[in-house]
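Examination of the molecular architecture
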Amino acid sequence: MELIDTHTHLDFPDFDADRQALMAESRALGVRRMVVLGVYQGNWQRVWERVQSDPDLYAAFGLHPVYLNDHRPEDLSELGDWLTRLAGHRQLCAVGEIGLDYFIETLDRERQQALFDAQLQLAADFNLPALIHVRRSHAAVIATLKRFKLKRAGIIHAFAGSKEEAREYIKLGFKLGLGGAATWPQALRMHRVLAELPLDAVVLETDAPDMAPAMFPGQRNSPAHLPAICAALADIMAITPEQLAVASTANACELFNWS
Ligand SMILES: [Zn+2]
């Protein structure tokens, strides 16, 4: 069983003590390829060094909305410089993590929108998929994506929306990232949505070190938890873990142009 973790923050210091051991463990469990997402200018170099140290890691670069007040105006043009410099590199896979966060009320929505638009334009210009953070902002994100109509679309990270929202994203060509959040028994609406999602629209992710699944409550999340997450989600979807593994891996490979 081969799995792809489409959303990690493996560069975070949370993993400094045991990163190599953890990657070996994940690989032994079938989690081979992993995407590491940059979230602010200060961590892009760290992400890239980490990714270059391992052929199974892939990098995305972006300015995360949660760090809105840390981003400087020149960070956007620097993001363009990074994408230009790495264009065509096999380990550059996307623009992300970008998006809109309406959950944190102190984040200015207009500035978030301007930053999101500018980065979607970069995704379009460099013909890269976009990896998108959405919190309490589905309507705004869907409206934005309808304006951009990205050719390669991307992934809605940690999808937790309604059936109707899922349908909108799928129509726009996006995959829905599923991970630990949906494994919790309290996530009842999500369980109903999951049971109806078309298999060709889902990819798996951990968001490690965040979003621990119900099986490992309160723990640091890691790609080594992905097989257990896959099994729990497959159960909710009334399919076998193998079916979900095969479909989600094929979907991720198609999105990122991996063979
Ligand atoms: Zn993330």
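Along each chain, residues carry numbers from 1 onward, in the same order as the chain's sequence is written. Only residues with pLDDT of 70 or above have their local features reported here, since the model is predicted, and side-chain atom pairs are shown and tallied only from 80 upward, although totals for entire chains, interfaces and linings are computed over all residues. The side-chain quantities take in all heavy atoms of the structure and omit both hydrogens and water.

1. A short note on the coordination of the zinc ion
Distances from the zinc ion to its protein donors, His7 (NE2), His9 (NE2), Glu97 (OE) and Asp207 (OD), fall within 2.1 to 2.8 Å. A donor here means an N, O or S atom no more than 2.8 Å from the metal, or no more than 3.2 Å when the metal is Na, K or Ca. Since water is not included, a site may seem to lack partners. When the donor residues of the zinc ion are listed from N- to C-terminus, their spacing reads H-x1-H-x87-E-x109-D. In this pair, His9 is assigned in the loop between strand 1 (3-8) and helix 1 (19-28) and Asp207 in the loop between strand 8 (202-204) and helix 8 (226-237), connecting sequence segments 198 residues apart. Secondary structure elements are taken from DSSP: a helix is a run of H or I of four residues or more, a strand is a run of E of two residues or more, and numbering for both begins at the N terminus.

2. A short note on the layout of surface pockets
The rolling of a water-molecule-sized probe over the atoms marks out the regions of remaining empty space. Any residue with an atom within 4 Å of a point lines the site, the site being either a cavity, points on a 1 Å grid over the protein atoms alone where a 1.4 Å probe fits but cannot get out, or a pocket, an open set with protein on both sides within 12 Å along at least 5 of 7 lines. Grid points are joined across faces, edges and corners, and a volume is the space filled by probe spheres set on the points. Counted as a void, the largest pocket has a volume near 470 Å³. Contributing to the lining of the largest pocket are 23 residues, with His133, Arg135, His157, Ala158 and Met211 lying nearest its centre. Looking at the lining of the largest pocket, its residues break down into 9 nonpolar, 7 polar and 7 charged. As a volume, the second largest pocket reaches approximately 220 Å³. In terms of lining residues, the second largest pocket is bounded by Ala87, Gly88, His89, Arg90, Leu92, Cys93, Phe126, Leu128, Arg152, Phe256, Asn257 and Trp258. Residues are grouped as follows: Ala, Val, Leu, Ile, Met, Phe, Trp, Tyr, Cys and Pro are nonpolar; Asp, Glu, Lys and Arg are charged; all remaining types, including Gly, are polar. Taken together, the residues of the lining of the second largest pocket break down into 7 nonpolar, 3 polar and 2 charged.

3. Remarks on the pattern of salt bridges
Salt bridges are counted wherever a side-chain nitrogen of Lys or Arg sits within 4 Å of a carboxyl oxygen of Asp or Glu. Within the structure shown, the criterion is met by 14 salt bridges. The salt bridge involving Arg27 is made with Asp56; its shortest N-O contact spans 3.9 Å. Taken as a pair, Arg27 in helix 1 and Asp56 in the loop between helix 2 (41-52) and strand 3 (57-61) lie far apart in primary sequence, 29 residues in all. Its relative accessible area of 31% is what places Arg27 among the partly exposed residues. Categorising residues by exposure relies on relative accessible area from a 1.4 Å probe, with only protein chains included: less than 20% of the type maximum marks a residue as buried, more than 50% marks it as exposed, and the intermediate range marks it as partly exposed.

4. A look at the environment of Thr183
Mapped onto the fold, Thr183 is located in the loop between strand 7 (175-178) and helix 7 (188-194). Taking the C-alpha atoms as reference, Thr183 lies 16 Å from His7; in sequence the two are 176 residues apart. Leaving out residues up to four positions away in the same chain, Thr183 has contacts with His191, Pro213, Ala214, Met215, Ile229, Ala232 and Leu233. The criterion used for residue contact is that any of the two residues' heavy atoms lie within 4.5 Å.

5. Digging into the pairing of strand 7
Neither face of strand 7 is exposed, since Lys175 and Gly177 on one face and Leu176 and Leu178 on the opposite face are all buried. Both strand 6 (residues 154-157) and strand 7 contribute to a ladder of 2 bridges, which runs parallel. When the bridges of strand 7 are listed, Ile156 appears paired with Leu176. The handedness rule is simple: strands pointing away from the viewer, and a clockwise path from the first strand over the helix to the second, make the crossover right-handed. Each parallel crossover has a hand, and the one from strand 6 via helix 6 (residues 163-171) to strand 7 is right-handed. Think of it this way: DSSP has to see at least two bridges between two strands before they count as a pair. Pairing geometry for strand 7 and strand 8, over 3 bridges, is parallel. Within strand 8, the position partnered with Leu178 by the bridge is Leu204. Note on the crossover from strand 7 through helix 7 to strand 8: the handedness is right-handed.

6. Details of the nonpolar core
Across soluble globular proteins, nonpolar side chains show a tendency to be buried alongside one another. The term nonpolar core refers to a set of buried residues drawn from Ala, Val, Leu, Ile, Met, Phe, Trp, Tyr and Cys, joined through side-chain atoms within 4.5 Å. By size, the foremost hydrophobic cluster in this structure holds 68 residues, and its most contacted members are Phe61, Leu120, Ile132, Leu145, Ile156, Tyr169 and Phe174. No other element matches helix 8, which puts 6 residues into this core. In this structure Leu145 touches Phe116, Leu120, Ile132, Ile156, Tyr169, Leu172 and Phe174, once residues within four positions along its chain are discounted. Counting residues in hydrophobic clusters, the runner-up holds 15 residues, among them Leu37, Leu131, Ala252 and Cys253.

7. Digging into the packing of aromatic side chains
Both the distance between ring centres and the angle between the ring planes are used here to describe each pair of aromatic rings. Working definition: rings of Phe, Tyr and Trp (its six-membered ring) pair if their centres are within 6.5 Å, and the pair is stacked with planes under 30 degrees apart, edge-to-face with planes over 60 apart, and tilted otherwise. According to the stated counting rule, one finds 8 aromatic pairs in the structure shown. For the ring pair Trp44 and Trp82, a centre distance of 6.2 Å and an interplane angle of 70 degrees mean the geometry is edge-to-face. Taken together, the positions of Trp44 in helix 2 and Trp82 in helix 3 (residues 73-86) put the pair 38 residues apart, joining distant regions of the chain. The same class applies to Trp44 and to Trp82, which are both buried. Overall, Trp82 belongs to the buried group, its relative accessible area being 6%. In this structure an aromatic cluster arises from ring pairing among Trp44, Trp48, Phe61 and Trp82.

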